[in-house]
Amino acid sequence: MLDLLKDLWRFMRARKKFWLAPIILILLLLGVLLVLTQGSAVAPFIYTLF
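Counting restarts for each chain: residues are numbered from 1 in the order of the written sequence. Local features in a predicted model are, by the rule used here, given only for residues with pLDDT of at least 70; side-chain atom pairs are given and counted only at 80 or more, and totals for whole chains, interfaces and linings are based on all residues. The basis for every side-chain value is the complete set of non-hydrogen atoms in the structure, without hydrogens or water.

## Considerations on the overall build of the chain
Thinking step 1. Numbering goes from the N terminus for both helices and strands, where a helix is a DSSP run of H or I of at least four residues and a strand is a run of E of at least two. Along its length, the chain carries three helices and zero strands.
Thinking step 2. Walking the chain from its N terminus toward its C terminus, one meets helices and strands in the order α-α-α.
Thinking step 3. C-alpha atoms define the radius of gyration in this analysis, and the globule rule sets the expected value at 2.2 Å times the number of residues to the power 0.38. Taken over the C-alpha trace, the chain has a radius of gyration of 15 Å; the compact-globule value for 50 residues is 10 Å, which it surpasses by more than 25%.
Thinking step 4. Taken over the C-alpha atoms alone, the chain extends approximately 45 × 20 × 10 Å along its principal axes.
Thinking step 5. The buried share among the 50 residues of the chain stands at 10%.
Thinking step 6. For the area figures, the Shrake-Rupley method with a 1.4 Å probe applies, and any residue is considered shielded solely by the protein chains shown. Put simply, the chain shows about 4,500 Å² of open surface, and 74% of that area lies on carbon and sulfur atoms. Only protein chains enter the calculation, and the probe is 1.4 Å; a residue is then buried if its accessible area is under 20% of its type maximum, exposed if over 50%, and partly exposed in between.

What follows is the structure, encoded as structure tokens:
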């Protein structure tokens, strides 16, 4: 996983694609949010957002 992040950072730095960083960060945060709330009482409210 760490190698993937390093490769991704090198790609963004070499190609000057820094605009990808916020998109990737938001996608990762949404994924973590969905995984963490999957078994809780908050889950039905999170799924209605999408």
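Now that the structure has been shown, the text picks up again.
## Observations concerning the pattern of salt bridges
Thinking step 1. Whenever Lys or Arg places a side-chain nitrogen within 4 Å of a carboxyl oxygen from Asp or Glu, that contact is recorded as a salt bridge. Counted by the stated rule, this structure contains one salt bridge.
Thinking step 2. We note a salt bridge from Arg-10 to Asp-7, for which the minimum N-O separation is 3.2 Å. You can see Arg-10 and its partner Asp-7 sitting in helix α1 (residues 2-15), three residues apart, about one turn around the helix.

## Observations concerning the environment of Phe-45
Thinking step 1. By the secondary structure assignment, Phe-45 is in helix α3 (residues 43-47).
Thinking step 2. Judged by relative accessible area, which is 60%, Phe-45 ranks as exposed.
Thinking step 3. It is 38 Å that separates the C-alpha atoms of Phe-45 and Arg-13, two residues lying 32 residues apart in sequence.

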